[in-house]
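Structural description and commentary
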Amino acid sequence: MTAPAPALRTGSAAGRGTLLAAILASGMVFLDSTVVNVALPRLGAELDATVASLQWTVNGYLLMLAAFVLLGGALGDRFGRRRVFLIGVAWFAVASVLCGLAQGTGWLVAARFLQGAGGALLTPGSLSVLQASFHPDDRGKAIGTWSGLSGVSTALGPLLGGWLIDTLSWRWIFFVNLPLAVGVVLAAMRWVPESRDEAASRTGGGRGFDVAGALLGALALGGVTYALIDAPAQGASPAVLAAAVVGVVAVVVFVLVERRRGDTAMLPTGLFSSRLFSVLNVFTVVVYAALGGFTFFLAVYLQNVVGWSALLTGLATVPMTLLLLVGSPRAGALSARIGPRLPLTVGPVVAAAGLLLLRRVGPGASYWVDVLPGVALFGAGLTLVVAPLTTSVLGAVADRFAGVASGFNNAASRAGGLLAVAALPLLVGLSGTGYEQKGALADAYRGAMAWCAGLLLAGALLAVVLIHRPVKGGAPS
């Protein structure tokens, strides 16, 4: 049972204010997911960072989001969605200021971990507040508006970030979150109604309120990530081997703990009785690993080898985001008519072709001739994937598991990006300050694009062999 909340309408002042709070909050998280890659060369040079430090700057944030986003949603259900949402916003803002003030890579990475934890509290809250607060007749419109305008913030993020980096400093990509957070808090305090799951509040539990599971998930991802990032510099050192062992053991214990908790677990293992759900999440990890590796390497390569400014580098991936915004609804409709297999097979192949084109980009490259065609192909391929994938994941399980299935798939996408950023530099031989050396970075970039294209083709093979149209309730077809 859910506590009654005012049934907001999108045309009312309270409805518009609630939408504003949710959109601004999501915009902060999406902004920091896209602009940090653009800033890596500048902050690396100023802080004298190694490749490992740059990897942790990205992965510290992704690790906390992937590990704790499900727990963040459960905390909101139990203690109040607006309350946890506001805590997440304030936490995120303070961590952003700490990122901007960083005087060394250790400071910056620690602040990024904190920022990711704040994001894990506010990200599920921004959507659950809309779901719980709006009248059923206006709920779809509210969520659609939130999705569209949040997507615009993702598209504008690299441009804004590039301009801030070139005009002021990389530090301002973090400081800009402070006025956004103030706007969110003021709007939420005035207009967002409180809501919670009263059943979870009374029993002290509720599905997903699983601290042990969240901690074990973080330990598993953290151990494997540490081993992959530090292996190039340390080799098979005791620390690297210990981290790898801890990560693997944590995975095993996580599975045992979640199985024992049953349907009250953060991740009910019964979900994986649906083979389609399992396959779709493996597909998610593979495709988003390619996306994470691509964006990490491209931003550094375009600035340190091709010689572009941060602003032009930010502009490079905007067409990809615009294609997603415009094309995703059409891809979703196509998937509804013909099933997900064809889009999820063709999409990765088209995206892989784009990456292979981008391997040829070199010093003095033209944006229009050399970069745009590859980025556009990659974006077109990704557009065929995103909406059909999300719809299929939700269709592969019973309706009562829709929230946790969506949350886990979101975590799987972030874990894919995290693992790619951790592993690819090791696979292509980039370590130390190699990203500042044009020859070493160029070789690593071309190798990384080939690996990412290979991941996408593996995803296409997975789709054509194992993915089918979901049947309601997750029953096999």
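Look a little higher up for the structure.
Notes on the structure in this doc start here.

What counts, and where the lines are drawn
- Residues numbered from 1 in each chain as written.
- Predicted model: local features only at pLDDT ≥ 70, side-chain atom pairs only at ≥ 80, totals over all residues.
- Heavy atoms only, no water.
- Phe/Tyr/Trp six-rings, centres within 6.5 Å; stacked < 30°, edge-to-face > 60°.
- Helix = DSSP H or I, 4+ residues; strand = E, 2+ residues; numbered from the N terminus.
- Buried < 20%, exposed > 50% of the residue type's maximum accessible area, 1.4 Å probe, protein only.
- Lys NZ or Arg CZ within 6 Å of the ring centre and 35° of its normal.
- Core = buried A, V, L, I, M, F, W, Y, C linked by side-chain atoms within 4.5 Å.
- Contact = heavy atoms within 4.5 Å.
- Bend = angle between axes of the 7 residues up to and from the residue.

Thoughts on the packing of aromatic side chains
- Summed over the entire model, instances satisfying the criterion amount to 12 aromatic pairs.
- Ring geometry for Phe-277 against Phe-408: centres 6.1 Å apart, planes inclined by 35°, an arrangement best described as tilted. Taken together, the residues span a long stretch of sequence, with Phe-277 in helix H11 (residues 275-304) and Phe-408 in helix H16 (residues 402-428) at a distance of 131 residues. In this pair, the class of Phe-277 matches that of Phe-408, namely buried.
- Positioned above the aromatic ring of Tyr-61, the side-chain terminus of Arg-112 is 4.3 Å from the ring centre.

Describing the nonpolar core
- Membership of the largest hydrophobic core comes to 120 residues, with the highest contact counts inside it found for Phe-294, Phe-297, Leu-355, Val-371 and Phe-378.
- The leading source of residues in this core is H11, at 16 residues.
- When residues no more than four places from it in sequence are discounted, the contact partners of Leu-355 are Phe-294, Phe-378, Met-449, Cys-452, Ala-453 and Leu-456.
- Grouped together as the second largest cluster of nonpolar side chains are eight residues, Ala-22, Ile-23, Leu-130 and Ala-142 included.

A short note on unusual backbone geometry
- The phi torsion at Asp-48 lies on the positive side, around 55°, for a residue other than glycine.
- Looking at the secondary structure, you find Asp-48 in the loop between helix H1 (13-47) and helix H2 (51-79).
- What makes Asp-48 exposed here is its relative accessible area of 59%.

Description of the environment of Trp-91
- Among the secondary structure elements, Trp-91 is positioned in helix H3 (residues 81-100).
- It is 8.3 Å that separates the C-alpha atoms of Trp-91 and Gly-119, two residues lying 28 residues apart in sequence.
- Excluding residues within four positions of it along the chain, Trp-91 makes contact with Leu-114, Ala-117, Gly-118 and Leu-121.

Here's the deal with the environment of Pro-136
- By the secondary structure assignment, Pro-136 is in helix H5 (residues 136-167).
- Sequence separation between Pro-136 and Ala-398 is 262 residues, and the spatial gap between their C-alpha atoms is 21 Å.

Some points on H1
- Approximately 50° is the largest bend angle found in H1, and it occurs at Ala-39, with the proline Pro-41 only one to four residues beyond.
- At the C-terminal side of H1, Asp-48 shows a positive phi close to 55°.

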